[in-house]
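Residue strings, one per chain:
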Amino acid sequence: MMCRNDKRLLRMAAAIRERAMSGIQKTAAVYLPVAIWQQLVDLHHQLERARERDWQMAEMQLQRDFSAVMQSLRADLEASERALQRSRPDKPFASVDELYQDLKALHEEFDELSFDRQDRTLSVTTEPIELEGVYLGTFQIQLDWSDLGCSERQSYRAIAVEGNPSAANESVTHPHVQDGFVCEGEGRPTIRAALQQGRLLDFFLIVANLLRTYNADSPYVSLDDWHGVECRDCGTTVSGDDRWTCENCESAVCGDCYYSCPDCDRTFCAGCVTQCEDCDEHTCYSCTKCCLGCERDLCPNCLEEDERCTTCHEQEESEYEDDEDNREPVEAIDAHSPV
Amino acid sequence: MRVLTINNNGGGFADYVEIADGTTVAQLFEQQISGAKPSNYLIRVNRQPCSEDQVLQPGDRISITPTKIEGALG
């Protein structure tokens with residue numbers, strides 16, 4: 001005999017099935033080429049009459065017409081069959097009994113199973129999830145069953161019950177969940193298939209297994225950075241908007257410690273910049289140049305066109321002018337030279 | 001005999017397959033996902049946990065779901 005809870009699950013199954021069937025597009029009525037068939041019947045009568053009366057010319061013409069209409073009929077029937085094949089789903093939506101069996105299994109599989117008929121949601125709660133030592137807590141997987149079986153949009157959410165979001169972004173509650181939306185990755189086709197066929201148990205197991213798995217290659221926030229990271233230069237914990245990454249050594253630095261190179265506009269930590277010996281500006285090693293005169297490390301703004309500092313440049317110019325003054329004009333020498 | 005297999009390993013295909021009488025869960029798994037370790041999958045017969053040597057019965061529903069499913073951006 002069915003207990004009270006089983007009756008409740010059965011009512012849930014019936015409601016889900018009813019809603020799904022109202023949403024699933026009904027297969028279009030199969031086209032039957034009745035008009036062409038009637039044309040064929042008429043031609044057949046005419047052909048018989050022509051034969052009876054021995055109208056040979058008419059019989060030949062009618063035979064050609066009859067053959068052409070038969071070909072049309074065959075083509076229409078084939079097109080109709082192809083359309084029927086296309087509209088046939090791979091597997092029909094689950095029956096009330098299958099949905100009921102799934103709900104019963106879900107009840108045993110997960111600690112909590114809840115159903116809201118008004119909001120059309122079905123939810124299960126996972127066990128506390130911990131990935132690579134980072135505690136993320138329990139997740140409620142909430143399925144909106146209002147358009148099951150026909151929707152392409154993500155019709156469910158993974159809601160962090162306790163909430164241990166990443167320090168870098170509060171909307172990221174799991175490396176693969178942001179604002180409740182699950183980045184399905186390789187699980188996407190399987191999840192879609194399970195929902196389209198109304199396989200509720202498979203759907204919840206797949207999503208739960210996805211939440212129990214960490215893909216280090218493509219997270220919203222990596223688990224290494226979940227609690228924020230230490231600034232390379234001052235040691236404080238940095239996260240979110242206050243976090244900068246050195247574009248040379250990829251260290252994390254805080255907003256007080258990062259340097260922006262005035263020449264290339266890139267971000268660096270203190271270890272990847274050098275101070276200009278003229279103006280004290282910090283520039284990255286790529287943009288820092290050595291004065292060809294005094295060999296001091298300088299920023300590009302403190303170098304003249306000849307890659308010398310202002311002092312060396314002026315000194316060079318002064319020496320050049322002195323040389324020019326001491327030099328005898330070439331024309332004069334030439335004029336006194338013997339031919 | 002005929003059983004329904006649901007392979008959640010890739011596209012989530014659900015198919016009726018013909019198997020020999022006496023086929024066990026482990027043997028069907030090997031036919032469906034050759035070379036993989038059963039311990040990396042959640043295998044259910046008629047929605048219930050099962051042992052590898054459980055002999056399948058006509059009309060059984062066997063679902064195979066990977067325990068590791070990698071989410072990813074994009």
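Residues numbered from 1 in each chain as written. Chains lettered and ligands numbered in written order. Predicted model: local features only at pLDDT ≥ 70, side-chain atom pairs only at ≥ 80, totals over all residues. Heavy atoms only, no water.

Structural notes on the overall build of chain A
A count of helical and extended segments in chain A gives eight helices and 19 strands. Per-residue burial over chain A gives 37% buried out of 339 residues. Nonlocal contacts in chain A, meaning residues at least 24 apart in sequence, comprise 46% of its contacts between residues at least 6 apart. Within the structure as shown, chain A displays about 19,900 Å² of accessible surface, and the carbon and sulfur contribution to it stands at 45%. (Helix = DSSP H or I, 4+ residues; strand = E, 2+ residues; numbered from the N terminus. Buried < 20%, exposed > 50% of the residue type's maximum accessible area, 1.4 Å probe, protein only. Contact = heavy atoms within 4.5 Å. Areas by Shrake-Rupley, 256 points an atom, 1.4 Å probe, with all protein chains shown as cover.)

Focus on the confidence of the model for chain B
All names here are of chain B. Scored by pLDDT, chain B comes out at a mean of 90, with 99% of its residues at no less than 70. Strand E3 (residues 41-45) holds the highest mean pLDDT among the elements of chain B, 95, whereas strand E2 (residues 13-18) holds the lowest, 86. Scoring of the predicted complex yields 0.67 for pTM and 0.91 for ipTM. (pLDDT = per-residue confidence, 0-100.)

Side note on the sheet that holds E3 of chain B
Residues and elements named next belong to chain B. Pairing is mixed in the open sheet, where five strands are placed in the order E2-E1-E5-E3-E4. The open sheet is flanked by E2 and strand E4 (48-49), the only strands paired with a single partner. Inspection of the sheet shows E3 paired to E4 by two bridges, in the antiparallel sense. Within E4, the position partnered with Arg-44 by the bridge is Pro-49. (Pairing = 2+ DSSP bridges.)

Here we look at the pairing of strand E5 (residues 139-144) of chain A
All names here are of chain A. Of the two faces of E5, only the one carrying Phe-139, Ile-141 and Leu-143 is buried; Gln-140, Gln-142 and Asp-144 on the other face are not. Taken together, the five bridges between strand E2 (residues 121-125) and E5 define a ladder with antiparallel strand orientation. Bridged to Ser-123 within E5 is Gln-142. Where E5 and strand E6 (residues 156-160) come together, five bridges link them in antiparallel fashion. Across the sheet, residue Gln-142 finds its bridge partner in E6, namely Arg-157.

Regarding the packing of helix H5 (residues 188-196) of chain A against helix H6 (residues 200-211) of chain A
All names here are of chain A. Between H5 and H6, whose axes approach to 8 Å, the crossing angle comes to 155°. On the basis of their axis angle, the class for H5 and H6 is roughly antiparallel. Crossing of H5 against H6: the hand is left-handed. In this structure, H5 contributes Thr-190, Ile-191, Ala-194 and Leu-195 to the contact, and H6 contributes Asp-202, Phe-203, Ile-206, Val-207 and Leu-210. (Axes fitted to C-alpha atoms, helices over the stretch in contact; angles between N-to-C directions. Parallel < 35°, antiparallel > 145°, perpendicular 65-115°, else oblique. Left-handed = near helix turned anticlockwise from the far one by under 90°.)

Structural notes on the interface of chain B and chain A
Of the residues lining the interface, 23 residues belong to chain B; the matching set on chain A comes to 31 residues. With both chains or domains summed, chain B and chain A bury close to 2,300 Å², and 51% of this area falls on carbon and sulfur atoms. Contact with chain A buries surface across chain B, with Arg-47, Ile-69 and Glu-70 of chain B losing the most and accounting together for 30% of the total. Here chain B and chain A share three salt bridges between them. As a salt-bridge pair, Arg-47 of chain B and Asp-102 of chain A come within 2.4 Å of each other at their nearest N and O atoms. Inspection of the chain B/chain A interface yields eleven residue pairs in polar contact (both at pLDDT 80 or more). Those elements giving two or more residues to the side of chain B that touches chain A turn out to be strand E1 (2-7), E3 and strand E5 (61-66) of chain B. With four residues, the single largest contributor to the side of chain B that touches chain A is E5 of chain B. Among the residues making up the side of chain B that touches chain A, the classes are represented as eight nonpolar, ten polar and five charged. (Buried area = accessible area lost by both parts, 1.4 Å probe. Salt bridge = Lys/Arg side-chain N within 4 Å of Asp/Glu carboxyl O. Polar contact = N/O pair within 3.5 Å; in protein donor to acceptor, adjacent residues only side chain to side chain. Nonpolar A, V, L, I, M, F, W, Y, C, P; charged D, E, K, R; others polar.)

Description of the nonpolar core
Residue and element names in this part refer to chain A. Of all hydrophobic cores here, the largest spans 51 residues; its most connected members are Leu-106, Leu-122, Ile-141, Leu-148, Leu-200, Phe-203 and Phe-204. Counting residues per element, this core draws most heavily on H6, which supplies ten residues. With residues near it in sequence (within four places) discarded, Leu-200 still touches Ile-16, Leu-99, Asp-102, Leu-103, Leu-106, Leu-122, Leu-143 and Leu-148. Ranked by size, the runner-up nonpolar core spans 15 residues in total, among them Val-238, Cys-246, Ala-252 and Cys-284. (Core = buried A, V, L, I, M, F, W, Y, C linked by side-chain atoms within 4.5 Å.)

Quick look at the pattern of salt bridges
Residues and elements named next belong to chain A. Counted by the stated rule, this structure contains 14 salt bridges over all chains. Linking Glu-184 and Arg-188 is a salt bridge whose minimum nitrogen-to-oxygen distance equals 3.6 Å. According to the relative accessible area criterion, Arg-188 is partly exposed, its value standing at 39%. The structure contains a network of salt bridges with shared partners spanning Glu-48, Arg-51 and Glu-59.

A few points about a positive patch on the surface
The grouping of Arg-4, Lys-7, Arg-8, Arg-11 and Arg-117 of chain A at the surface amounts to a positive patch. Assignment of secondary structure puts Arg-11 of chain A in helix H1 (residues 4-23). (Patch = residues over 30% accessible without salt bridge, like charges linked within 9 Å, V, L, I, M, F, W, Y side chains within 5 Å. Lys, Arg positive; Asp, Glu negative; His and termini not counted. Charge placed at Lys NZ, Arg CZ, Asp CG, Glu CD.)

A short note on a negative patch on the surface
Together, Glu-304, Glu-305, Glu-314, Glu-317, Glu-319, Glu-321, Asp-322, Asp-323 and Asp-325 of chain A make up a negatively charged patch on the protein surface. Within the fold, Glu-319 of chain A resides in helix H7 (residues 310-326).

Observations concerning the pairing of E5 of chain B
Across a regular strand the side chains alternate sides, sitting on one face of the sheet and then on the other. Residues and elements named next belong to chain B. Taken across its six residues, E5 has six buried, putting it largely inside the fold. Judged by which residues are buried, E5 turns out to be covered on both faces: Arg-61, Ser-63 and Thr-65 on one side and Ile-62, Ile-64 and Pro-66 on the other are all buried. Bridging between E1 and E5 involves four bridges; their strand directions are parallel. When the sheet's bridge partners are listed, Thr-5 is paired in E5 with Ile-62. Of the pairings in the sheet, the one linking E3 to E5 comprises five bridges and is antiparallel in character. When the sheet's bridge partners are listed, Val-45 is paired in E5 with Ile-62.

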